[in-house]
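Residue-level structural notes
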Amino acid sequence: ETVEELNHCSKCPGLIECQNRFDGHVLYPERKGKQIVFSYTPCKYEKERVEKESNRMTRDKELAMASMADIDASDKKRLPAVKWLINFCKNYDRTTPHKGLYLHGTFGCGKTYLIAAIFNELAKNNYKSSIIFWPEFLRQAFYDDFNSKFEYVKQIPLLLIDDIGAEGLTAWNRDEILCPL
């Protein structure tokens, strides 16, 4: 069983496609004195998920407090995006369709914070928005209540889909989940 699960792990692209008995875990032997004890050990993807989850709790609090006043506009590379977002915020009208915005940059450069600050500013005028974390959203697709969440997210006027690309893009999650959004 251990060999089979380790074999699954060697070919595994991520938690969403885990083939082991317990998702994100592998039955692994450990020497305890003169005995070999088998226990389920988190795989690298599960360890990353747990770390992200603990970081996310802190991150969620930061995003809830994100403010336009705290946006750093001193970086010349960010300035066009910051100006675009400020203009979007000033001129936002829920009756007018808007094109999407794709922000890209290195990990931790503040993309999510920028959008959260805009969403928080717009919330002061009762505009609804939502932030979904793409890898987590995909994992929820396998649970019973996903359809109601999916329908809600499809109807939200301002949506940030964060961390696209953090989870491998498959034809299914592209065609069935991302494109309808």
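Basis of the calculations
- Residues numbered from 1 in each chain as written.
- Predicted model: local features only at pLDDT ≥ 70, side-chain atom pairs only at ≥ 80, totals over all residues.
- Heavy atoms only, no water.
- Salt bridge = Lys/Arg side-chain N within 4 Å of Asp/Glu carboxyl O.
- Buried < 20%, exposed > 50% of the residue type's maximum accessible area, 1.4 Å probe, protein only.
- Phe/Tyr/Trp six-rings, centres within 6.5 Å; stacked < 30°, edge-to-face > 60°.
- Helix = DSSP H or I, 4+ residues; strand = E, 2+ residues; numbered from the N terminus.
- Expected span 1.5 Å × (residues − 1).
- Arc of directions from axis to C-beta.
- Contact = heavy atoms within 4.5 Å.

1. Here we look at the pattern of salt bridges
Throughout the structure, instances matching the rule amount to four salt bridges. For Lys124, the salt bridge goes to Glu121, with nearest N and O atoms at 3.2 Å. A relative accessible area of 63% means that Lys124 is categorised as exposed. In this structure, Lys154 engages Glu151 in a salt bridge whose closest nitrogen and oxygen atoms are separated by 3.2 Å.

2. Thoughts on unusual backbone geometry
One non-glycine residue, Asn126, adopts positive backbone phi at about 65°. Residue Asn126 is classed as exposed on the basis of its relative accessible area, which comes to 60%. Positive phi values are uncommon outside glycine, yet Asp163 reaches one of about 70°. In this structure Asp163 comes out as partly exposed when scored by relative accessible area, which is 29%.

3. Some words on the packing of aromatic side chains
By the definition in use, this model includes eight aromatic pairs. Geometrically, the ring pair formed by Phe22 and Tyr40 is edge-to-face, given 4.7 Å between the ring centres and 85° between the ring planes. A residue pair is termed long-range when its members are at least 10 positions apart, and Phe22 in the loop between helix H1 (2-11) and strand S1 (25-32) and Tyr40 in strand S2 (residues 35-42) qualify at 18 residues. You can call Tyr40 partly exposed: its relative accessible area is 29%. Taking 5.6 Å as the distance between ring centres and 20° as the angle between the ring planes, the aromatic pair formed by Phe146 and Phe150 counts as stacked. Note that Phe146 and Phe150 are positioned in helix H6 (residues 146-155) at a spacing of four residues, about one turn of the helix.

4. Here's the deal with helix H3 (residues 79-91)
Owing to its 3.6 residues per turn, the α-helix brings residues three or four apart onto one side. The terminal C-alpha atoms of H3, which comprises 13 residues, lie 18 Å apart, in line with the 18 Å expected from a rise of 1.5 Å per residue. Every buried residue belonging to H3 is among Val82, Leu85, Phe88 and Cys89, and all of these are buried. Angular distribution of buried residues about the axis of H3 spans 125°; they occupy a single face of the element. Seen from the open side of H3, the exposed residues pointing more than 90 degrees away from its buried face are Pro80, Lys83 and Lys90. Here the buried face of H3 lies against helix H4 (111-123) and strand S4 (158-162).

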